[in-house]
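Summary of the model geometry
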Amino acid sequence: MAKILDASTLKVKVLKDWHEVGGEVATRQKLISIRVGELVPGKEYRVPVRMVVPAKAKAKGFHLTGGHNPDQFQQDLKPRGVDRDLLAGGVGLVQTVVQVLQVSGQRELGRLADRRFVETLNPHYSIQYWGWPATLMRATTAAYAEKGHFEKGKVAASGGSKNGASPSVALIEDERLTALHAGVSPIWDSPLRLCDPKAWSQLRRANEAYGAKLKARGERVNMERIMNHFFLGGTFGPVYNRQALAAGKKWEDLQKIAGEMADHVFVSRNLKTLKERNVDLLFHPGTHDFVAFDLAWGGKHHPQIPIYLKANSGHGVREPHPAAERGEQNKTAFLLHHFFGGEELLPPPTVKSRADEDKVQITVTFPKGAKAESGRVWWMYDRGPDGSAAYIAELFPEDQAAPMKFNPKENSWSATLTLKPGKKHIDFFSNHRKTIRRGGRPYNTYISSPYTRISLQ
């Protein structure tokens with residue numbers, strides 16, 4: 001961290017110096033290139049960084065994002081949506097590039113680093129473990145080095161996929177970051193992610209059974225993809241297990257690096273510290289995402305982590321469930337509340353369930369003072385285990401969603417589901433709306449109950 005914080009090593013190249021940009025919210029903007037460090041010895045890793053502040057004042061804190069590409073930076077930013085609102089309130093923007101290295105013209109460096117990583121399992125060679133999180137932290141250092149334009153304040157990161165995973169690491173390691181809104185990215189340290197041999201053996205058997213099931217139905221089956229999905233089961237992104245084993249590493253080596261990295265990459269391992277720092281969190285993992293593939297495990301072991309689940313969403317899912325929420329504005333409301341205060345989003349509720357021979361009773365309860373406006377439950381029978389091909393492929397059926405009934409005395413929402421006979425287990429979750437109003441504008445926000453799996457046998 002001492003090196004991450006050292007602005008003198010950024011080797012800044014000014015691509016566009018500070019200049020005013022007119023518009024609905026007038027700004028000053030600067031585009032630079034910075035040295036993140038050496039991803040491999042002797043090979044410098046650089047990224048562009050765009051900084052945007054109000055036209056007539058310093059920015060206090062900023063919204064940090066990496067989901068950009070260098071071509072976007074060739075034109076001045078015309079802020080829209082929540083970024084426009086943040087700038088109007090005196091909060092800056094810091095934008096950089098957290099993408100595969102070929103996007104920023106560093107393809108060969110990316111290939112070299114990947115090869116070094118699978119040969120050594122040294123996390124410093126990993127763009128996921130080191131390069132991308134370091135990019136966000138070094139961009140933060142670069143912004144705060146601009147003392148005439150930024151003053152210390154809150155730093156909220158947001159993004160999805162690699163831009164949800166990378167700021168998770170940055171948030172854990174860098175106390176300057178104060179909030180994270182992340183989508184379709186890892187959250188918790190499930191057994192598959194920690195390379196537990198038993199979990200991987202169960203996954204293999206589940207995928208073999210799923211392939212056989214598809215063949216029996218007469219469907220065309222790509223068993224190579226089913227058995228060796230590029231992401232499913234990966235510790236913190238793409239699965240590197242096979243490549244490392246082919247390079248001479250042992251399964252014990254995979255477990256070792258997963259265990260060593262867990263405290264540095266999984267928010268679930270750092271909840272106490274993050275709470276002490278008053279960090280705000282909200283995750284959108286998706287119900288069918290191949291990066292955030294372990295909802296059942298996470299819901300059981302970390303029900304206190306705030307999440308929103310849009311039914312049948314995730315990487316590669318084209319159409320959400322017909323009953324899924326429309327017009328959800330969680331990120332906007334989350335960021336506005338983090339920087340400016342006001343009405344809070346709903347906290348995670350608790351869930352209780354009880355199954356008998358023909359029905360399951362579900363009750364979702366909110367803390368005193370937290371008022372949800374709606375409740376809806378989704379359910380699925382015999383869903384494939386976390387990280388499996390079936391988990392990704394089989395969606396929540398269209399007819400398995402229902403409104404819930406509110407009990408004002410208990411501040412709870414309940415539903416009774418009639419069970420289908422012969423099922424082994426049932427998965428369910430519920431979503432709840434709260435409309436937050438700021439400056440006369442309503443924002444539809446949602447929180448989910450912990451994802452729950454109940455055995456029926």
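Keep in mind the model is a prediction, meaning the values are calculated, not measured.

What follows deals with the overall build of the protein chain. Scanning the protein chain from N- to C-terminus turns up 12 helices and 17 strands. Rg of the C-alpha trace for the protein chain: 23 Å, near the compact-globule value of 23 Å for 457 residues, within the 12% margin. Considering only C-alpha atoms, the protein chain reaches an extent of 70 × 60 × 40 Å along its principal axes. A separation threshold of at least 6 residues defines the contact pool for the protein chain, and within that pool the share at least 24 residues apart is 72%. Carbon together with sulfur atoms contributes 50% to the accessible area of the protein chain, which is approximately 20500 Å² in total.

Moving on, we get to the pairing of strand β15 (residues 425-438). Taken across its 14 residues, β15 has 12 buried, putting it largely inside the fold. Where strand β11 (residues 376-381) and β15 come together, 6 bridges link them in antiparallel fashion. What sits directly across from Met380, in β15, is Asp427. When β15 meets strand β17 (residues 452-455), the two strands line up antiparallel, connected through 4 bridges. Bridging across to β17, Phe428 finds its partner in Thr452. Linkage of β15 to strand β16 (residues 441-448), two consecutive antiparallel strands, is achieved through a turn of 2 residues, within which Gly439 is found at a positive phi near 55°.

If you trace the 8 strands from one edge of the open sheet to the other, you get β1-β2-β3-β5-β4-β6-β7-β8, paired in mixed fashion. Either end of the sheet is taken by a strand with one partner, and the two such strands are β1 (13-21) and β8 (280-284). Ignoring strand direction, the axes of neighbouring strands in this sheet form an average angle of 20°. Pairing of strand β3 (residues 43-54) with strand β5 (residues 92-96), which is carried by 4 bridges, proceeds in the antiparallel orientation. Looking across to β5, one finds that Val49 is bridged to Thr96.

Among the 5 residues in β8, 4 count as buried, and that is most of the element. Relative to β8, strand β7 (residues 179-183) runs parallel, the two being bridged by 5 bridges. Looking at β8, one finds that Ala179 is bridged to Asp280.

A few words now on unusual backbone geometry. Negative phi is the rule for most residues except glycine; trans is the rule for most peptide bonds. Positive phi outside glycine occurs at Lys11, with the angle close to 50°. Tracing the backbone shows Lys11 in the segment before β1. A positive phi angle, close to 35°, is found at Val184, a residue other than glycine.

With that settled, the discussion passes to the packing of helix α3 (residues 127-145) against helix α4 (residues 162-173). At their nearest, the axes of α3 and α4 sit 8 Å apart, and the two run at 70° to each other. With respect to α4, the axis of α3 lies roughly perpendicular. Contact with α3, carried on its side by Tyr129, Trp132, Pro133, Leu136 and Met137, involves Lys162, Ser166, Pro167, Val169, Ala170 and Glu173 of α4 and no other residues of that element. In terms of residue class, the contact of α3 with α4 is made up of 8 nonpolar, 1 polar and 2 charged.

Parameters and conventions
Residues numbered from 1 in each chain as written. Predicted model: local features only at pLDDT ≥ 70, side-chain atom pairs only at ≥ 80, totals over all residues. Heavy atoms only, no water. Helix = DSSP H or I, 4+ residues; strand = E, 2+ residues; numbered from the N terminus. Rg over C-alpha atoms; globule rule 2.2 N^0.38 Å. Contact = heavy atoms within 4.5 Å. Areas by Shrake-Rupley, 256 points an atom, 1.4 Å probe, with all protein chains shown as cover. Buried < 20%, exposed > 50% of the residue type's maximum accessible area, 1.4 Å probe, protein only. Pairing = 2+ DSSP bridges. Axes fitted to C-alpha atoms, helices over the stretch in contact; angles between N-to-C directions. Parallel < 35°, antiparallel > 145°, perpendicular 65-115°, else oblique. Nonpolar A, V, L, I, M, F, W, Y, C, P; charged D, E, K, R; others polar.

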